[in-house]
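Examination of the molecular architecture
Each chain, written out:
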Amino acid sequence: MNAAVRAVVRMGIYVEAKVYFIHEGYQGMVDGGDNIKEATWESVSSMLQVGGTVIGSARCKEFRGREGRLKAAHNLVQRGITNLCVIGGDGSLTGANLFREEWSGLLEELLQQGLIDEEAARSNSELHIVGMVGSIDNDFCGTDMTIGTDSALHRIIEVVDAIMTTAQRSVHWVFTACDVLTSHCLSSHQRTFVLEVMGRHCGYLALVSALACGADWVFIPEMPPKDGWEDSMCQKLSENRADKKRLNIIIVAEGAIDSHNKAITPDYIKDLVVRCLGFDTRVTILGHVQRGGTPSAFDRVLASRMGVEAVLALLEASATTPACVVSLVGNQAVRLPLMECVQMTQEVQKAMDEKKFEEAFFFHLLTNVTLPISFNVAVLNVGAPAAGMNAAVRAAVRVGITEGHKMFAVSDGFEGFYKGEIKEIKWGDVGGWTGQGGSLLAVDIRWLSLLQAYVGLLELSAARGQYSELCVPMVMVPATVSNNIPGSDLSIGSDTALNAITDTCDRIKQSASGTKRRVFIIETMGGYCGYLASVGGLAAGADTVYIYEEPFDIRDLQANVEHLTQKMKTSIQRGLVLRNENSNENFTTDFIYQLYTEEGKGVFDCRKNILGHMQQGGAPSPFDRNFGTKIAAKAIQWITKTLKESYKGGRVFTNSEDTACLLGMRRRALVFQPVSQLRDETDFVHRIPKEQWWLKLRPLMKILAKYKTSYDVSDSGQLEHVTRVRPREA
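Residues numbered from 1 in each chain as written. Predicted model: local features only at pLDDT ≥ 70, side-chain atom pairs only at ≥ 80, totals over all residues. Heavy atoms only, no water.

Looking at an unreviewed UniProt entry, the protein carries the name Phosphofructokinase, platelet, with the source organism given as Cyclopterus lumpus. Turning to the protein, the UniProt annotation filed under Cofactor (unreviewed entry) states: "Mg(2+)". In UniProt, the protein has this text filed under Catalytic activity (unreviewed entry): "beta-D-fructose 6-phosphate + ATP = beta-D-fructose 1,6-bisphosphate + ADP + H(+)". (UniProt positions renumbered as here; feature names shortened; annotations may be inferred.)

Under the counting rule described, the total for this entry stands at 16 aromatic pairs. Where Tyr531 meets Trp694, the ring centres are 6.2 Å apart and the plane angle is 75 degrees; that geometry is what we call edge-to-face. Note that Tyr531 is positioned in helix H18 (residues 531-540) and Trp694 in the loop between strand E24 (688-689) and helix H22 (698-704), a separation of 163 residues in sequence. Comparing Tyr531 with Trp694, the two get one shared label, buried. Members of the aromatic cluster, each reached through a chain of ring pairs, are Tyr26, Phe63, Phe99 and Trp103. Taking the ring centre of Phe279 as reference, the NZ or CZ of Arg241 above it sits at 4.1 Å. (Phe/Tyr/Trp six-rings, centres within 6.5 Å; stacked < 30°, edge-to-face > 60°. Helix = DSSP H or I, 4+ residues; strand = E, 2+ residues; numbered from the N terminus. Buried < 20%, exposed > 50% of the residue type's maximum accessible area, 1.4 Å probe, protein only. Lys NZ or Arg CZ within 6 Å of the ring centre and 35° of its normal.)

To continue, consider the nonpolar core. Residues Met132, Ile522, Tyr531, Leu576 and Leu578 are the most contacted members of the largest nonpolar core, which totals 91 residues. No other element matches helix H11 (residues 297-316), which puts 12 residues into this core. In this structure, Leu576 is in contact with Cys505, Phe520, Ile522, Ala540, Ala542, Asp543 and Thr544, ignoring residues within four places of it in sequence. Counting 39 residues, the second largest nonpolar core, distinct from the first, contains Leu76, Phe140, Cys141 and Met344. (Core = buried A, V, L, I, M, F, W, Y, C linked by side-chain atoms within 4.5 Å. Contact = heavy atoms within 4.5 Å.)

Another aspect to go through is the side chain of His405. In this structure, His405 sits in the loop between helix H14 (389-402) and strand E12 (406-410). The exposure class of His405 is buried, given its relative accessible area of 5%.

What follows covers helix H21 (residues 622-646). Given a rise of 1.5 Å per residue, 25 residues ought to cover 36 Å, and the 36 Å separating the end C-alpha atoms of H21 matches this to within 8%. With 19 of 25 residues buried, H21 lies mostly within the body of the structure. (Expected span 1.5 Å × (residues − 1).)

Take unusual backbone geometry next. Its identity is not glycine, yet Glu16 carries a phi of approximately 65 degrees, on the positive side. We classify Glu16 as exposed; its relative accessible area is 75%.

Written out as structure tokens, the structure is:
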């Protein structure tokens, strides 16, 4: 939430608006006084890495009554506030909309009571509302992700990963932030863990965390298990244990119920497993751990984008514009009528209350396709390892087996491919892969970039005319920390790298607490692609970011130093400058460090850090695990469909360009694109796409760093209606 507050304040000041904090939510609006204070640029410094909300939040019974809303209106009119940006759930946003609808009547009543004059009523005649959804449950219709959800997933996965280390074969103690939970467990033990996560009415956290950690069973409120689920679950756990799986994970949403509306609790599941199977079973209830901690890189960037979009929406609002909520669909910001979203959210809850679960929950089940024979499908990793690759391989293997294929793994990328280093890979071979970093399928490190995988696929498809054996379906999914693949906004591994950069920047800034003013010069990876530096800079609150795609000279460097020097003469204590490793061959990290050191004498001192390959390592983030799982599953489904269509005369034969594809995220959806059509979109010399969507975030980053710059609103969201999907359509 703090990243959203920061973005709203700084974007508001940028457009020359007067911005106010309302402390303690609607209660502060009703009470007025010191709860409503003008915000300054400096008042939102050092907020990005702080969890929770620094301006507070409180439920307000008084605001639910008209008398309370009358007091709130009076407090706003006294300060000339006619635009409200509300961050909260459906209840908070519904209250804001009611407040807006009553505004004219409230002003009239204040006028009659003599609390305001006619001039005040006239100058404050319109109240504009824009909402942003802050909820860890991700339970609001109209947006793919709400602010806070990704951070909550990080907390859950951190705990699950710590638990899973107890099943490693070597006997050792586990020392992590979760020691209280896990240090008593020796890795020689075989145990079943039942974890309860938040989600009283929404199973998103439970379902996605189950996907991200490879859980054995999951219970969510939207999809009650059928009668007899106890036997089915116990049979599954027993089979897994027979396959020498040392650990069973069961995830339960706190609102999970059975088909008779009876609560399914962790203790009930524990007693069931102990009674029926005799397994040593432990219960862990995560509780408010999920709400705390440092926000993830995804949440910081999401909230920053949403905050700026909210200010733009308020500037464009008119008397006839309905109150809107800023949402994320795919990778695009959109504006949706607030009450349409609230109404749909409430309809979902009503359907669940009436046990119409089919209407409440649309889950795209994997459909088994009846094929004439079992096909052989191979999976290989190419390029440098990226966190999330293993989750993608696991999904591809298991979905392929589910659809009747025989799956093969290729070691050492294309080199292993031509050397014949190919072996069958079975269901159990990929167990526990989801949370593993790097690539458990060996890769050929001489293929330095996944762009080489793209080039390799281009060459394979071009060689179909010479080799009929290559006339088979081929699909590539993007997996690289640099996020430099044409045809996709996002790549597996880049979110984990962003979190590594953000976490490190947080720690570096914290290391200087209590010292004099200090500026840090930090070098990131990415080759010639500035994605990691730019988006990492946005998430970490950088003052300047140098990248190859935006050329700079000595005059730009001097202007940046002067700008930072002026900021550091105020109450600002820390400066952060990021440089992409190949941004300029002459203006190296050492050169920039020395320049800032010399020019900042008497105002600040400098330190230099090169992050290196730490950006490429570590356990994959929840986003990368789930993105890898989803995109690989979709790729295998496409393979199945294409195999079925191209199977004729006892063999598979296809040489059309649309059967050698890249599957990528394009704005709002995952799209299959023929690799031959992406050739013109690629700068092969520098291994980057010719057009990159994230470059439009650069002005946003500069505005939030107090630069005077123009902001392109051509790509900002436009008000549109919520798309309703009925069960049969789904």
